[in-house]
Structures are given as C-alpha cells and as structure tokens.
Protein chains: 2
Amino acid sequence: MSLNRIIGYQLVQAGIVTGANFMHGVGKPYKLRPVEFTILQLIRETPHISPTTLAKTLAMTTPSMTAWLDKLSKRKLLMREKSVSDGRGQKLALTASGSALVEKALADLLESEAMLLAHLSLGEREMLLEILQKITAEKT
Amino acid sequence: MSLNRIIGYQLVQAGIVTGANFMHGVGKPYKLRPVEFTILQLIRETPHISPTTLAKTLAMTTPSMTAWLDKLSKRKLLMREKSVSDGRGQKLALTASGSALVEKALADLLESEAMLLAHLSLGEREMLLEILQKITAEKT
DNA sequence: TATTGTTATACTCTATAACTATA
DNA sequence: TATAGTTATAGAGTATAACAATA
C-alpha cells in the first residue's frame, strides 16, 4: 500500500503546487504570506470578525494571530476596533488600502489559479471544491 | 468573490482536518511528525532513494532534509548507505524496526482516514485522489 | 565546473504560560 | 469563573551561505 492512497499526502502535494503558484502570482508581488492574504480576505468576507474566530478558522493560537494582526496593522491594511457590546472583544476591519489590496490580490489569484488548473475540466474543478468542502465540514 | 473559490485555500482547510486526523491516529502514538512519516514511507516505496530526491519531493532544502534524516537515523529507523556508483550520493534504507513501524503506521492511517471520510462516496474519494494527482503533476 | 551532502547560522513561525481586562 | 486579547519566552522548522568530497 502506498502514500498515493493517503488523502493527507495528496493534499500536501497539491498544496505544494498551489502554494508555489500563490507565491509567484500574489505572495511576492503584494508581499503577503499566504496566511496574511487569507486573514485580509476573511475580514473582507466577514466584517467585524474577531481575532479569536480568525485563529480558530486558521487552526492557530491567539498569540500567533495577534502577531499577524500586528504586522498587517503596522502596514495600515487593517484596524482593530473595540467591540461595544463586549468590552473584551475586537472587531476587525480593513482600511481602504487593505481593501483595495486584497481585492486586486484575489482577482490575480483567481486568474493565476485558473491558468494553473486549465488542464482540469470545469466539472473536475467544481467537484474538487465540493469534495474539499465536505472534508472541511469535519472540522471540530 | 470569495475564498471558497480558491483551490489553495480549500486545500489548506481540508489539510487542517486530515492533519488533525494524522496527529491523533499516527503522529502521537508513533511519535512521528507528518514529514517523518512521509520520509519513511517514501523510502519504503522507493528503496535506495537519495536525500536530494526526498528533499525535492517534499519541497524542502537539503539542509532541512539532513536534519530530519539525522533524527530518524538516531532513532534507528533508517540508515544512510554510501552509493557505490556515485561516491557523492547516499542510498537510504529502512532498518527492520523502521520498516515495521511505518508499515503499522500506514495501516493505521488508512483506517483512520477511511473513518474520517466515511461520509464521502467511494466515487468521490477516487475522484478526489485523481484530481489531486493531476494538480500534483504540475509540480516543476 | 557542477552536484551531493553537511555544518553553521540566523530568521520565521509557532505554542505555552502568565498576565490584564471584561463578562 | 470563564472569555478575549496581549506579552514574554522558548522551541521547532526553515532557508541561505560556506564548505568538503566527488563527478
């Protein structure tokens, strides 16, 4: 029996390809680590999301998330706003430049992934996303 | 447009699930990091594979691979043999205990992944592996 | 000259523990 | 007591550069 039957291994191998594609098309041009791009995009999709929720979504600890938010905040890409309803919490928001940057970055990434995966049929790409989301739904 | 359409993001999210499954079923019981398990299994599948080939397969540098091989070697799970045909190179081999360990670990992992993905149909699992391998084939 | 592998080194990323503030 | 977030700290994993040995 072989690694080829291990989903986790195949996910990593495919991730090497998409990761390299990300670095070339978005990471280097925009000076964004994958996690930084993801944080910005998640805030864009869910305004007022909290650091704790972000940390859970990306399977990291809150101190790690604090460090990433510090970096992005220093670059004026996002802002921390105090929650009114709960004085302990924060609501994250993109700055205008953060919003503009992530919007362009996402468009570039969609385009470069489309190029990268052009040899897959439309059905295959849809099927892939669907199955991956089913697996992700197992997240505890 | 959303992260849900980004294959790289969905791969990471699914990887969080399979990674947690690996840690629970194999990583902790056998005290193996994912990369360590993968190295052992790749040697098992390709006896006499070289450190350089392993490093390329796993998208890491040779100094990093040296460190992992040192660790596994100290645990007597593998051996470095000098290549006869090329005095610069090495041929990696599993020890008896390394071979036994990775064989059991792989069986456990296959079983725990089968449980984890029981909600996917057989066709979905086959389709997933097939598409991921097509993406991996893009590796440069 | 190019390649294989190692050593030395520093940097990035991470987690744990201890803390503050609020609920 | 529990939760949100930060700070301090140490450890894991990484890459780059310099090296030795062989091709």
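It should be noted that the structure appears before, not after, this text.
Residues numbered from 1 in each chain as written. Chains lettered and ligands numbered in written order. Predicted model: local features only at pLDDT ≥ 70, side-chain atom pairs only at ≥ 80, totals over all residues. Heavy atoms only, no water.

1. Observations concerning the relation of the copies chain B and chain A
Once turned by 180° and shifted 0.0 Å along the axis, chain B lies on chain A with an RMSD of 0.0 Å. In short, the pair behaves as if placed about a two-fold rotation axis. (Least-squares fit on C-alpha atoms with pLDDT ≥ 70 in both.)

2. Topic: the interface of chain B and chain A
Listed as interface residues are 48 residues of chain B and, on the opposing side, 48 residues of chain A. Across the chain B/chain A interface, buried area totals approximately 4800 Å², and carbon plus sulfur atoms make up 70% of it. When the area that chain B buries against chain A is broken down by residue, the three leading residues are B:L3, B:I7 and B:L129, summing to 12%. Where B:E126 meets A:R5, a salt bridge forms, and the shortest distance between an N and an O atom there is 2.6 Å. Between chain B and chain A we count 22 residue pairs in polar contact (both at pLDDT 80 or more) in total. Among the elements of the structure, α1 (7-30), α2 (34-45), α5 (96-116) and α6 (122-136) of chain B are those that each provide at least two residues to the side of chain B that touches chain A. The biggest single contributor to the side of chain B that touches chain A is α6(B), with 12 residues. (Contact = heavy atoms within 4.5 Å. Buried area = accessible area lost by both parts, 1.4 Å probe. Salt bridge = Lys/Arg side-chain N within 4 Å of Asp/Glu carboxyl O. Polar contact = N/O pair within 3.5 Å; in protein donor to acceptor, adjacent residues only side chain to side chain. Helix = DSSP H or I, 4+ residues; strand = E, 2+ residues; numbered from the N terminus.)

3. Considering the packing of aromatic side chains
Any pair of aromatic rings gets described here by the distance separating the centres and the angle formed by the planes. Residues and elements named next belong to chain B. Counted under the stated rule, the structure contains 2 aromatic pairs over all chains. Plain terms: the ring middles of F22 and F37 are 5.7 Å apart, the flat faces sit at 55° to each other, and that makes the pair tilted. A residue pair is termed long-range when its members are at least 10 positions apart, and F22 in helix α1 and F37 in helix α2 qualify at 15 residues. Comparing F22 with F37, the two get one shared label, buried. (Phe/Tyr/Trp six-rings, centres within 6.5 Å; stacked < 30°, edge-to-face > 60°. Buried < 20%, exposed > 50% of the residue type's maximum accessible area, 1.4 Å probe, protein only.)

4. Topic: the protein's contact with DNA strand C
Taken together, the neighbourhood of DNA strand C is formed by 21 residues, with A:R33, A:G87, B:T52, B:T66 and B:Q90 sitting nearest. Looking at DNA strand C alone, sugar and phosphate atoms form 75% of those within 4 Å of the protein. Within the backbone of B:Q90, an N or O atom sits 2.7 Å from a phosphate oxygen of DNA strand C. Only α4 (62-74) of chain A together with α3 (51-57) and α4 (62-74) of chain B provide two or more residues apiece to the surface near DNA strand C. Each residue belonging to the surface near DNA strand C can be placed in one class, and the counts come to 5 nonpolar, 9 polar and 7 charged. (Near = heavy atom within 4 Å. Nonpolar A, V, L, I, M, F, W, Y, C, P; charged D, E, K, R; others polar.)

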